[in-house]
Amino acid sequence: MDATTLTRDFHLWQRFSKQDRLEREHRAARRKIAEAGTMATRMIKAYESMAAKGVSENACYRTIYKQRDAQGEIMVREGWLKVRRVVVEGGTTRLRGTLMTTFSLLDGEQEPADASVEKLTLEVYDEIVAGTKMKLACKVDRCDADDQTDFITFLDAVRGDLKQWV
C-alpha cells in the first residue's frame, strides 16, 4: 500500500469517525431534551437570545441536524446557525436565519470559505415523546424545505468570526 492510498484511507476513516460521533451526539442531545421535558416556550427564549446576540455580536451557534440525501438516507450534519429573527404568528413560532454547513459525510469538513450557506426558516414546536412514560419535548424542524429536520443548537458553542460568510 503506497503513502497516497494510506493517507486517503486515513482521511476517509476520519470522516466516518466524525459522522459516528455526530450521530451519537445528536441521539444523546435528543434524549436529554426528552428527559428534561424541555418545552417550546423555553427553547424559544433561548433562540430569542441567540437572535439578539446575532444582531449585536454577529453570533453564530453550532448546530447539528438531520439531512435526507437523494437516496433517502438520513445523516446528521454539522454547521453554524445565525438566528436573525424569531417570528410568532398564528400560534406558531418560526426562526429566520442562515445556516452554514461545515460537515457532511459526503463532503467532509468544510472551511467557512468553502462551506455551503443557505437562508432557512425553522419551526419550534412541542411534540409528544412516547416511551415508558409519555412526555412533552421540544423539536425544531425546517419548514421551508422537507429534507432537514431535528435541529439542535448549542448555546455554549458560539462564534463571532463568520460575518463575511453568513
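Scroll up for the structure.
First, a word on what this report is: a plain description of the structure on this page. As the structure is a computational prediction, the values presented were derived from the model and not from experiment.

### Points about the overall build of the protein
Regarding its fold elements, the protein presents two helices and seven strands. Taken from N to C terminus, the helices and strands of the protein fall in the order α-α-β-β-β-β-β-β-β. Expected size for 166 residues packed as a compact globule is a radius of gyration near 15 Å; at 17 Å, the protein falls within 12% of this value. Expressed along its principal axes, the backbone C-alpha trace of the protein runs to roughly 60 × 45 × 30 Å.

### Quick notes on the packing of aromatic side chains
For the structure shown, the criterion picks out two aromatic pairs. Centroid distance Phe10 to Trp13: 5.9 Å. Interplanar angle 25°. Geometry classified as stacked. Here Phe10 pairs with Trp13, and both are found in helix H1 (residues 3-36), just three residues apart, close to one helical turn. Relative accessible area serves as the criterion here: at 43%, Phe10 is assigned to the partly exposed category. For Trp13, a relative accessible area of 54% puts it in the exposed group. Look at Tyr65 and Phe151: their rings are 4.8 Å apart centre to centre, the planes differ by 10°, and that puts the pair in the stacked class. Here Tyr65, found in strand S1 (residues 60-68), pairs with Phe151, found in strand S7 (residues 148-159); they are 86 residues apart in sequence, far enough to count as distant. Comparing Tyr65 with Phe151 shows no difference in burial state: the two are buried. One residue, Arg159, lies across the ring of Trp80, its end atom 5.3 Å from the ring centre.

Analysis parameters
Residues numbered from 1 in each chain as written. Predicted model: local features only at pLDDT ≥ 70, side-chain atom pairs only at ≥ 80, totals over all residues. Heavy atoms only, no water. Helix = DSSP H or I, 4+ residues; strand = E, 2+ residues; numbered from the N terminus. Rg over C-alpha atoms; globule rule 2.2 N^0.38 Å. Phe/Tyr/Trp six-rings, centres within 6.5 Å; stacked < 30°, edge-to-face > 60°. Buried < 20%, exposed > 50% of the residue type's maximum accessible area, 1.4 Å probe, protein only. Lys NZ or Arg CZ within 6 Å of the ring centre and 35° of its normal.

The values reported here are purely geometric and, on their own, carry no functional implication.
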